[in-house]
Amino acid sequence: MRNPLPLTAAFSSLALAGALLAAEEAKPPNLIVIMTDDLGYADVGFNGNSDIPTPNIDRIAQGGAVFTDAYVTYAVCGPSRAGFITGRYPQRFGFERNPAYKPGDPTIGVPLTEKTIAEVLRPAGYKSGIIGKWHLGAHETLHPLARGFDEFYGHLGGGHRYFPEDLTIKNSREAKHEGDSYITWIQRGREPVRTEKYLTDEFSREAVEFVQRHKDGPFFLYLAYNAPHSPMQAPAEEIAKFAHVADEKRRIYSAMVSVVDRGVGELLDQLDKLGLTDNTLVFFLSDNGGPTNDNASRNTPLRGQKSDPWEGGFRVPMAARWPGVIPSGTKFTEPVSALDIMATIAAANGIKEDPARPLDGVNLVPFVRGEKSGAPHERIYLRMFDRGVFALRDGDFKMVKPKKDAPVVLFNVEADIGEKADLAAGSAERLARMQKTYEEWNTQLIEPAFEGLKMKGGPKDKGAQP
């Protein structure tokens, strides 16, 4: 196991003590999580992208930490988001399929036995809002306002069309299936409202206004863009900026990412304007790997794409900024998880985990500050029950069962990030040990608890599972 790279912004012990004291005396930190949908690992500047400018997303990375080995809990949208929002592997509570869009079914979503970040933070005085994509249950008992959030502006399903003229179903409860849900009006709270702008711009504007309303804090904002998920739509003037891109789908995708980046900049500027930057922890990540065949995203140098157990399926771009707490310019190379967001903000507020629902995440702050050495996670797990697929990263090694009837394969993903050289033939002992570790984890899980997504017309979701 390698050690983390040295922190580029070193603190003396005296300065460190001062920073910690200041953090303790400050108000509880605000939390903003910016999650994109189907963004490729290689499609941000902080991961080496040069053809789609992302200067504002990169501001988060430059002012804090880049996590080179960041994972989500599943390789498609819904279960990944369920893991993030609860801080627990979703396979523990049966959320192992993309949820079917059924507003009349109270079982399809995050069960009421689990707590969301918003529910955990509410007793600490936080006001919480979600803007954008929910995808964690369409029934009224699973609605964001029933799960700890004070405000909601967005859509309940797994994706959405972007232009106002496309949204022809006023009431979300009238949507009969996932395809219909893409053309519903946007909800403000529980009420349908008309949109006037390209949807990504609507969400960015709402995020800026949320911060203005709650500037006295503390607040939790979950800005859940549905971009750059299909359908591939962007304003003509934005597409024109990428006229040099030969592939049409990649051209539209680039414009979609660029509009997200602009919105991120508007949100960060609002924090600066209100003097909130120093007391706001901001995370940026994608919900899963890019579906390269569907939206022309790129996961280079990773193997595979969305829905795969390969690195390209669930290793994602991720960065975090918290001035004075997370040293700027940090490059953290040990495995981390979207699960850690819940654990980090809970630790910042002194919130103890519920022993009935122990968190799978880890407080990242001591690791990125160099106060703790080694890896926050010794192991990263993935199980995709319906396909008989699983993966286990243990240190630098990763075991993968890529298909139900296929043998397991083994890679050193530190030396072989593209998962090209199978080491299984000469590693029987290591494989046996890793297999045992995975099986022990698997005994803690339950089978999927609800029906998965079945498309009936409308936009095609490559992450859909029958």
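In case you missed it, the structure is sitting above this.
Described in the following lines is the structure provided in the data block. (Residues numbered from 1 in each chain as written. Predicted model: local features only at pLDDT ≥ 70, side-chain atom pairs only at ≥ 80, totals over all residues. Heavy atoms only, no water.)

A separate point is the pairing of strand β8 (residues 219-224). A large share of β8 lies buried, amounting to six of its six residues. On β8, burial covers both faces: Phe219, Leu221 and Leu223 on one face and Phe220, Tyr222 and Ala224 on the other are all buried. Taken together, the five bridges between strand β1 (residues 30-36) and β8 define a ladder with parallel strand orientation. Within the sheet, the bridge partner assigned to Met35 lies in β8 and is Ala224. Strand direction decides the pairing type here: strand β4 (residues 127-133) and β8, joined by six bridges, are parallel. Bridge pairing in β8 places Gly129 opposite Leu221. (Buried < 20%, exposed > 50% of the residue type's maximum accessible area, 1.4 Å probe, protein only. Helix = DSSP H or I, 4+ residues; strand = E, 2+ residues; numbered from the N terminus. Pairing = 2+ DSSP bridges.)

The next subject is the sheet that holds strand β10 (residues 315-316). One open sheet holds the three strands; their spatial order is β10-β3-β13, and the pairing between them is mixed. Since the sheet does not close on itself, it has two edges, and those belong to β10 and β13 (336-337), each with one partner. With two bridges connecting them, strand β3 (residues 70-71) and β13 associate as parallel partners. By the bridge assignment, Ala70 is partnered in β13 with Val336.

In the structure shown here, the tally under the stated rule is 17 aromatic pairs. Seen in terms of ring centroids, Tyr71 and Phe314 are 5.2 Å apart; in terms of plane orientation they differ by 50°. Their pairing is tilted. Here Phe314 lies in helix α10 (residues 311-314) and Tyr71 lies in strand β3, a separation of 243 residues in the sequence. The same class applies to Tyr71 and to Phe314, which are both buried. Relative to Phe411, the ring of Trp310 has its centre 6.0 Å away and its plane inclined at 75°; by these criteria the two rings are edge-to-face. Of the two residues, Trp310 is situated in the loop between α9 (292-295) and α10 and Phe411 in strand β17 (residues 409-412); the sequence distance between them amounts to 101 residues. For the pair formed by Trp310 and Phe411, the shared burial category is buried. Grouping aromatic residues by their ring pairs yields a cluster made of Tyr89, Tyr381, Phe390, Tyr438 and Trp441. When the ring centre of Trp310 is taken as origin, the NZ or CZ atom of Arg303, which lies over that ring, is 3.6 Å away. (Phe/Tyr/Trp six-rings, centres within 6.5 Å; stacked < 30°, edge-to-face > 60°. Lys NZ or Arg CZ within 6 Å of the ring centre and 35° of its normal.)

Moving on to helix α8 (residues 248-273). Here α8 is 26 residues long and its end C-alpha atoms lie 38 Å apart, about the 38 Å a rise of 1.5 Å per residue gives. For α8, the N-terminal cap is Asp247; the gap from its side-chain oxygen to the backbone nitrogen of Lys249 is 3.3 Å. The positive-phi residue at the C-terminal boundary of α8 is Gly275, with phi of around 70°. (Expected span 1.5 Å × (residues − 1). Polar contact = N/O pair within 3.5 Å; in protein donor to acceptor, adjacent residues only side chain to side chain.)

Moving on: the nonpolar core. If you look at soluble globular proteins, the nonpolar side chains tend to sit buried side by side. With 80 residues, the main nonpolar core has Val33, Phe67, Phe84, Ile117, Phe220, Tyr222 and Phe283 as its most contacted residues. Among residues more than four places away in sequence, those in contact with Phe67 are Met318, Ala319, Ala320, Phe332, Val336, Leu364 and Val368. Leu39, Ile60, Leu167 and Phe242 belong to the second-largest nonpolar core, a separate cluster that totals 47 residues. (Core = buried A, V, L, I, M, F, W, Y, C linked by side-chain atoms within 4.5 Å. Contact = heavy atoms within 4.5 Å.)

In this section: the pairing of strand β9 (residues 280-286). Burial within β9 is extensive, with seven of its seven residues counted as buried. Every second residue of β9 is oriented toward a common face, with Thr280, Val282, Phe284 and Ser286 on one face and Leu281, Phe283 and Leu285 on the other, all of them buried. Pairing of β1 with β9 involves seven bridges; the strand directions are parallel. Its bridge partner being in β9, Ile34 is matched across the sheet by Phe284. Where β9 meets strand β11 (residues 318-321), four bridges bridge the pair, whose relative direction is antiparallel.

Within the secondary structure, Phe283 is located in strand β9. Once the C-alpha coordinates of Phe283 and Ala65 are considered, the two residues, 218 residues apart in sequence, prove to be 9.6 Å apart. Those residues in contact with Phe283 that sit more than four places away from it in its chain are Leu31, Ile32, Val33, Ile34, Met318, Ala319, Ala320, Ile341 and Leu364.

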